[in-house]
Amino acid sequence: MRDRYEPQAFESSWQQKWLDSDLFRTREDEGRPKFYGLDFFPYPSGAGLSVGHCRNYIPTDVICRAKFMQGYNVLHPMGFDAFGLPAENEAIKRKSHPAPMIDQYAANYQRQMNLIGIGYDWSREFKSSDPSYYKWTQWIFKLLYDRGLAYRSNAEVNWCPKDRTALANEEVVGGLCERCGTPVEKRAIPQWFFRITDYAQRLIDDLDDVDWPEGIKNQQRNWIGRSEGVEFQMRVQFSIAAQEPHPDDLEVVEKPHSFRVFTTRIDTIYGMTFCVLAPEHPLVAEIKKRSTPEKAAEIESYQAKSKSLSDMDRQADNREKTGVNTGTFAINPATGKPVPLFIADYVMMGYGTGAIMAVPAHDQRDFDFALKFDLDVIPVFKPESSYLSANETTEAEYLANPKQFKDVFSTKEGILVNSGEYTGMSYAQGSAAMGEWIEALGIGERKVNYKLRDWLISRQRYWGCPIPIVYDKDGNAETVSDDLLPVELPAVDNYEPADDGSSPLSRIPEFVNTTTNDGTLGRRETDTLGGFACSSWYFLRFCDPHSPDEAWNLDRIKYWMPVDCYVGGAEHAVMHLLYARFWTKVLYDAGLVSVKEPFQRLMNQGQVLGYTPYRAPRHGETLGVGEDGILVSFAEAAQMDESDLTWKWVRMSKSKGNVVTPEEAVENYGADALRIYELFVAPFEQNVQWNNDGMQGAVRFLSRVFRLIADLKPHWNPDWRSMIAFTPMDGKAKDIRRATHQLVAKATDDIERFAFNTYISAMMTTLNTLTDLTKNLENPTESEKLALSEAIEFFLTVLSPAAPHSADELWSGIGEQGFTYHLDWPKADAELAAADELTIAVQVNGKLRDTIQMPASASNEELESAARSSEKAASFIDGKTIRKVIVVPGKLVNIVAN
C-alpha cells in the first residue's frame, strides 16, 4: 500500500475508472431527495482554465459529491455558453470560423475539468451554439413576442465602434464596452428589446424568497430602482419679460409647451427654484426654435457633448455639474412663480420623465448645480434639532443661509417650513396632502417609477442565435412557425461586422430572402440575439437535455428545479442573474415551468490573484482606464532593475500574463493537492493570493494521510459495524471515536455552509489527533481496533469530496472495492462526539487571565466557583469588589470587578 501522496502514480487512472464506470451519471432513484448543483455557464476561451476558475468548480464539486453520499439524487451538469462577442472576436483574430474553434475550446475545458477531478455528468453537455439548443432559444423568443414582451423599436443605443454592435446598458462600464474597453457612442438604430420592465416589481419582491448574499440582492434592487412619488405637469413660459404669458404657453395639454416631472419628494415643491430637462428631451427642440441664434447654438453644442458621454458618466456623483440656461421658464404650480429652465446631462431621458423639479436645499446634486449657477436655495423642510446639532448648525443658521453648508439636509425627520398652508406638517403628512392636491388639480398623479430599462437584446453580429422573425413587403413582422425552427446560421467565410451598423447576415441573400407564413416574399431579421438570451434558460435544458420535440419535459422540471445551489462570480449580479430570473417568471406565467425563481441559493466565490509586475509610464505612454502603471511581461521584468518595478496582486488573466494553469498545478503538485489548497487557503467568498508554498502544504497534508492509513491498515476490520455497538469503549478507543465523530459533525456542517477552509482544517486537526493517539500502537485492544476501523472509513469518506483520487486510492489500498463516492456519508453521534472535559477561559474585566479544564457536564455554578479559585485570576481581583460574574456555558467565565 502506498504510504505517501504520489499523484502521478494514481490520479489519472482513477479519473479513467470514473469515466469508464459512468460514475457521475444523474440518477432519479425513488425515495432519495434531489440536489441540483450548478456552476455559472462558462464561455470556453482559447486560454483555457486557470487555477482561478477552479475557485468555484472545486467547491461546487465538493458539495455535489457530499450530497450524493448523503443519499441525494444529484444533478451536476456542465455545458458551454458558446455564442456571443468573445467567441466571434477570437475567431476573427484567428481567421477561422467560430464553430470548430468553439468545439476545440470546449473539448479543452472538458479535459481540464476532468484533470482536476470534477464529477460532471457529461452526458448532459451541450453548447448554446448547437442548433438543437438554440432552436428552443428561438421558441422562447416567440413566446415572449406572442405575450407582448419582445418588440422592435427605433432607439438611441450604446454603440461599441470596435465590436461594431449595440450594447445593453448593463454591458457598459464607466462609459466603456465591458468586453473590449472601447469608449461607447450613442447611435439611433432599430433594435429588439425584451419588456423586462413589466416584471420590475416582481423581480424586487421575489428576492425575499431566495437564499442569496444580501449584497447581490441589494445590487438588483438598486439596479431596478423602485421609487414612489408624484408625476405632474409643469407649464412653460418662454419669456419672463411678458406681463402675462401667452395662453398657448401655459396650456397644460399642449405637450410641446409643457413637460412632466417625477419627484419622490413632493413635500419639497415649495423649495423648487429651477427645473432641468435632459438634453434629449423633446421640448428642447421647441426651446431652440424660440431662442436667439446664439442661445440655440449653445444648446446644440451642449447636446452634442452630452451625447458622447455614457449614462454612468453623466450620473457620477463626483463629476462637476454642467448645463445651459435655456432662457425659458417653468411655472411652479405651488407658488405660481416662474423658475429658470436648464438643460443638464445629469438628468436622464431614460429615467422618469427626462425632466426634474430641482430643490437644491434638499437634494445634493441640485444643490451642487445651484452653487455652480448661483441659483436660489430655499429650505422648506426643517430637520429635527438633533439632526441639526449632529451637523453642527442651528435652525436659524440653516434657514438663513443654507448655501454655507457643504451637504444638504435630505432627512425626512422634521417639519415643513416656507410651504404655505402645509407649513408645520411632517414629511408623511405633507407628502400625502400635496399628492392629493396635485391629483385634485388634474395635473398629475401618485405613481411608482423604476430605473430599470427594457433589455436591449439584438446584436449586429454573426455569431449569435438568429431572431426568428420575418418581415413582409410592407415591413410587418411575423414569427417563424415552430415547424421551421431552428432558423440556422448560414455557414459563411466572411462574417465580420460592417462599419455602417448592419448585421453581417444582411449581406447573405440566401439567408435574408425567404417567404412569409402566407407564402409571399419576405425578408428575415438579420440581427442576432445577445449571448445573455442563451444563458437565461440553460439550467432548464439541463433537466432534460436531449429531447428533440420539446425544450424540456415539465415533469423533469418539477423534479429538479429550482437549482439548489448556484455558484459563480458576483460580477453577474445585474445581468445574467436578472435576465434568468425574468425569463423564468415569464415561463412560469405561461405554465411551462413550476418555479418563479430559478436559483434558490447563490454563492459567490472570491478571485485568485497573481503577483504581477508593472512599471511607471514612459514618455508618450498613456495609462488605460483604472490603471496606475504599465503592465510588463515577466521576461521583461527579469531584465529590469527591481526599483523600477511595482508588483501587484491582480486577478489572474491571460492578458496580465500571470496565469497558473491546472496543468501546471497538477503536474507539479497533483490534482488533490490543488483541490485541498483551493478549499483551505481562505473562506470561499474571499480573494486568494496564489502561493506555491500553500500547495506544498497541501501535499504534506495528503502525504501524512497516506502514512497514517498505511500504518493503521493492519488493524482494519471491514466488519467493524457489526461489532462496535456491542463492544465497550474506554480509554484510547473512546478518544479515537470522539475525534472521529467530531470530524463528521464538523465536516457535515462546514460543507453545507460552504465553509470549506474549516472543513479542511477539521480534517487536519483530526489527523493530528489520530496520529498522536496511535503512536507506538503495536498491540491494540479489540475495542481500539474497532474504533480505528471506524476512524479509517469515516475519515476516508469525509476526505472523498475534497480529495477523491486519494480517498479512492487509500480505500483500494486497505483492500476494499469500488469508489468512496458510493460510501454512505456517516452520521455523527452527538454523545460520542461530546468531550469529557472542556477548556474554559477565565477573564477579568473582559481580559483573558487563565484557562482551566472542567468536566463537560459542569454546571454554571461549578464553572464560576472554579474561576473564582483560579490563582492566576486572583491577583487581578484582590482588593476589588466583584460586581458581576458572566458565565458562557462551555466557553468562558468573565469576572467583573473594580
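Placed above this text is the structure.
These notes cover the structure that comes with them. Every chain is numbered on its own, with residues counted from 1 as its sequence reads. Local features in a predicted model are, by the rule used here, given only for residues with pLDDT of at least 70; side-chain atom pairs are given and counted only at 80 or more, and totals for whole chains, interfaces and linings are based on all residues. The side-chain numbers reported here are obtained from all heavy atoms of the structure, hydrogens and water having been left aside.

1. Let's talk about the overall build of the protein
At step 1: Helix numbers and strand numbers start at the N terminus; a helix is a DSSP run of H or I with at least 4 residues, a strand a run of E with at least 2. Within the protein one finds 32 helices and 34 strands.
At step 2: For the C-alpha atoms alone, the extent of the protein along its principal axes is close to 110 × 90 × 65 Å.
At step 3: The buried share of the protein, taken over its 898 residues, is 54%.
At step 4: The contact criterion used is simple: two residues touch if any of their non-hydrogen atoms lie within 4.5 Å. Pairs at least 24 residues apart make up 74% of the contacts formed inside the protein by residues separated by at least 6 positions.
At step 5: When the accessible surface of the protein is summed, it comes to about 39,200 Å², and 48% of that surface belongs to carbon and sulfur atoms.
At step 6: When charges are counted, neither His nor the chain ends are considered; positive counts come from Lys and Arg and negative counts from Asp and Glu. For charged residues, the charge sits on one atom: NZ in Lys, CZ in Arg, CG in Asp, CD in Glu. Here the protein contributes 96 positive and 128 negative side-chain charges, whose respective centroids are spaced 1 Å apart. Each residue gets one of three labels from its accessible area relative to the maximum for its type: buried under 20%, exposed over 50%, partly exposed in between, using a 1.4 Å probe on protein chains only. Exposure was quantified through the Shrake-Rupley algorithm and a 1.4 Å probe, taking into account, for residues, occlusion by the shown protein chains and nothing else.

2. What about helix α1 (residues 7-20)?
At step 1: Each residue after the first adds 1.5 Å to the expected span of a helix. Taking 1.5 Å of rise per residue, 14 residues should cover 20 Å, and α1 covers 20 Å from first to last C-alpha, within 8% of that figure.
At step 2: Within α1 the residues assigned to the buried category are Pro 7, Phe 10, Glu 11, Trp 14, Gln 15 and Trp 18. Mapping the buried residues of α1 onto a view down its axis gives an arc of 140°, with all of them on the same face. Residues of α1 that are exposed and point more than 90 degrees away from the buried face comprise Gln 8 and Asp 20.
At step 3: Those residues of α1 that are buried are in contact with α2 (54-69), α4 (98-115), α23 (671-680), α24 (692-712) and α29 (804-813).
At step 4: Just past α1, the residue Asp 22 takes up positive phi, approximately 55°. Taking the helix axis as origin, the arc is that swept by the directions to the C-beta atoms.

3. What about empty space enclosed by the protein?
At step 1: Whether a set of points on the 1 Å grid over the protein atoms alone is a cavity depends on a 1.4 Å probe fitting there but being unable to get out, while an open set qualifies as a pocket with protein on both sides within 12 Å along at least five of seven lines; lining residues are those with an atom within 4 Å of a point. Grid points are joined across faces, edges and corners, and a volume is the space filled by probe spheres set on the points. The final tally for this structure, using the stated rule, is 2 cavities of 30 Å³ or more.
At step 2: Approximately 90 Å³ is the volume attributed to the largest cavity.
At step 3: For the largest cavity, the lining is made up of 13 residues, of which Phe 24, Phe 68, Val 74, Gly 119 and Tyr 821 are closest to its centre.

4. Side note on helix α27 (residues 756-773)
At step 1: With 18 residues, α27 should cover 26 Å at 1.5 Å per step; its first-to-last C-alpha distance of 26 Å lies within 8% of that length.
At step 2: Phe 756, Asn 757, Tyr 759, Ile 760, Ala 762, Met 763, Met 764, Thr 766, Leu 767, Leu 770 and Leu 773 are the residues of α27 that are buried.
At step 3: Residues of α27 that are buried make contact with α2, α23, α24, α26 (731-752) and α28 (782-799).

5. Quick look at the pattern of salt bridges
At step 1: The working definition used for a salt bridge is a side-chain nitrogen of Lys or Arg within 4 Å of a carboxyl oxygen of Asp or Glu. With the rule as written, the count across this model stands at 45 salt bridges.
At step 2: For Arg 25, the salt bridge goes to Asp 22, with nearest N and O atoms at 2.4 Å.
At step 3: Of the charged contacts in the structure, one is a salt bridge between Lys 127 and Asp 130, with a shortest N-O distance of 3.9 Å. Note on accessibility: Lys 127 and Asp 130 belong to one class, buried.
At step 4: The network of salt bridges with shared partners includes Arg 2, Arg 4, Glu 6 and Glu 809.

6. Quick look at the state of the cysteines
At step 1: The criterion for a disulfide is a pair of cysteine sulfur atoms lying within 2.5 Å. For the coordinates displayed, the defined rule picks out 0 disulfides.
At step 2: Cys 534 takes part in no disulfide bond, and the closest cysteine sulfur to it belongs to Cys 465, at a distance of 5.3 Å.
At step 3: Judged by its relative accessible area of 0%, Cys 534 is buried.
At step 4: Here Cys 543 is not disulfide-linked; the sulfur of Cys 64 is the nearest cysteine sulfur, at 13 Å.
At step 5: Residue classification places Cys 543 among the buried positions, given a relative accessible area of 2%.

7. Points about the packing of α23 against α29
At step 1: Whenever a helix is involved, its axis is fitted only over the stretch in contact; in every case the axis is a line through C-alpha atoms, and angles between N-to-C directions fall within 0 to 180 degrees. Running from N to C, α23 and α29 point in directions that differ by 125°, and their axes come no closer than 7 Å. When the interaxial angle is binned, α23 and α29 end up oblique. The segment α23 lies against α29, with Ala 671, Asp 672 and Arg 675 engaging Pro 804, His 805 and Ser 806.
At step 2: Residue composition of the contact of α23 with α29, grouped by class: 2 nonpolar, 2 polar and 2 charged. When describing relative orientation, an angle under 35 degrees is termed roughly parallel and one over 145 degrees roughly antiparallel, while 65 to 115 degrees is termed roughly perpendicular and anything else oblique. Three residue categories are used. Nonpolar comprises Ala, Val, Leu, Ile, Met, Phe, Trp, Tyr, Cys and Pro, charged comprises Asp, Glu, Lys and Arg, and polar comprises the others, including Gly.

8. Re the sheet that holds strand β19 (residues 465-466)
At step 1: A pair of strands is considered paired only if DSSP assigns at least 2 bridges between the two. An order of β18-β24-β19 is seen for the 3 strands of this open sheet, with the pairing classed as antiparallel. Every interior strand has two partners, whereas the edge strands, β18 (458-459) and β19, have only one.
At step 2: In this sheet, strand β24 (residues 528-529) lies alongside β19 in antiparallel orientation, the contact comprising 2 bridges. Paired with Pro 466 across the two strands is Thr 528, which belongs to β24.

9. Quick look at the nonpolar core
At step 1: Ranked by size, the top nonpolar core spans 97 residues in total, and within it Met 113, Leu 674, Trp 690, Phe 701, Tyr 759, Met 763 and Leu 799 carry the most contacts.
At step 2: Among residues more than four places away in sequence, those in contact with Phe 701 are Ile 676, Met 763, Met 764, Leu 767 and Leu 799.
At step 3: Judged by nonpolar contacts, the second largest core, of 88 residues, contains Ala 87, Trp 136, Met 561 and Trp 583. Residue types Ala, Val, Leu, Ile, Met, Phe, Trp, Tyr and Cys, when buried and joined through side-chain atoms within 4.5 Å, form a set referred to as a nonpolar core.

10. A closer look at the packing of aromatic side chains
At step 1: Ring pairs shown here join Phe, Tyr and Trp side chains whose ring centres sit within 6.5 Å, with only the six-membered ring taken for Trp; geometry is labelled stacked below 30 degrees between planes, edge-to-face above 60, and tilted in between. Taken as a whole and judged by the stated rule, the model has 57 aromatic pairs.
At step 2: Taking the centre distance of 4.9 Å and the plane angle of 70° together, the rings of Phe 539 and Phe 599 count as edge-to-face. In this pair, Phe 539 sits in helix α18 (residues 538-541) while Phe 599 sits in the loop between α20 (576-589) and β26 (602-604), placing the two residues 60 residues apart along the sequence.
At step 3: Taking relative accessible area as the criterion, Phe 599 reaches 0% and is therefore assigned buried.
At step 4: Ring plane angle 65° and centroid distance 4.8 Å describe the contact between Phe 754 and Phe 756, whose orientation is recorded as edge-to-face. For the pair shown, Phe 754 and Phe 756 are each scored as buried.
At step 5: Throughout this description, the term charge over a ring refers to an Arg CZ or Lys NZ atom that lies within 6 Å of the ring centre and within 35 degrees of the ring normal. Between the NZ or CZ atom of Arg 32 and the centre of the ring of Phe 68, over which it lies, the distance is 4.9 Å.

11. Here's the deal with the sheet that holds strand β2 (residues 73-75)
At step 1: Ordered in space as β2-β1-β25-β26, the 4 strands form an open sheet in which the pairing is parallel. Edge positions in the open sheet fall to β2 and β26, since each of these has one partner strand only. Looking at each pair of strands side by side, their axes are set apart by 20° on average, direction ignored.
At step 2: Taken together, the 3 bridges between strand β25 (residues 565-568) and β26 define a ladder with parallel strand orientation. Within β26, the residue paired with Val 567 across the bridge is Met 603.
At step 3: On top of the sheet, α2 reaches β1 (34-39), β2 and β25; it is set at about 170° to β1, its chief contact.

12. Structural notes on the side chain of Arg 461
At step 1: With respect to the helices, strands and loops of the structure, Arg 461 is situated in the loop between β18 and β19.
At step 2: Between N or O atoms, a polar contact is any pair within 3.5 Å; within protein, one atom must be a potential hydrogen donor and the other a potential acceptor, and residues adjacent in sequence are included only when both atoms are from side chains. One polar contact links Arg 461 to Glu 88, side chain to side chain, over a distance of 2.7 Å.

13. Examining the environment of Asp 208
At step 1: Summarising the element assignment, Asp 208 is placed in the loop between α6 (200-205) and α7 (214-224).
At step 2: Excluding its chain neighbours within four sequence positions, the residues that come into contact with Asp 208 are Lys 217 and Arg 221.

14. Here's the deal with the packing of α23 against α27
At step 1: Their axes nearest at 7 Å, the elements α23 and α27 cross at an angle of 115°. Along its contact with α23, which presents Ile 676, Leu 679 and Phe 680, the element α27 presents Phe 756, Asn 757, Ile 760, Ser 761 and Met 764.
At step 2: Class assignment of the residues belonging to the contact of α23 with α27 gives a composition of 6 nonpolar, 2 polar and no charged.

15. Some thoughts on the pairing of strand β12 (residues 338-343)
At step 1: Burial of β12 is extensive: 5 of the 6 residues sit out of reach of the surface.
At step 2: Bridging between strand β10 (residues 274-277) and β12 involves 3 bridges; their strand directions are parallel. Following the sheet pairing, Val 276 is matched in β12 by Phe 342.
At step 3: Relative to β12, strand β11 (residues 324-331) runs antiparallel, the two sharing 6 bridges. Bridge pairing links Thr 328 to Leu 341 in β12.
At step 4: The turn linking β11 back onto β12 is made up of 6 residues, and Gly 336 within it adopts a positive phi angle of 75°.

It is worth stressing that arrangement in space is one thing and function is another; only the former is reported here.
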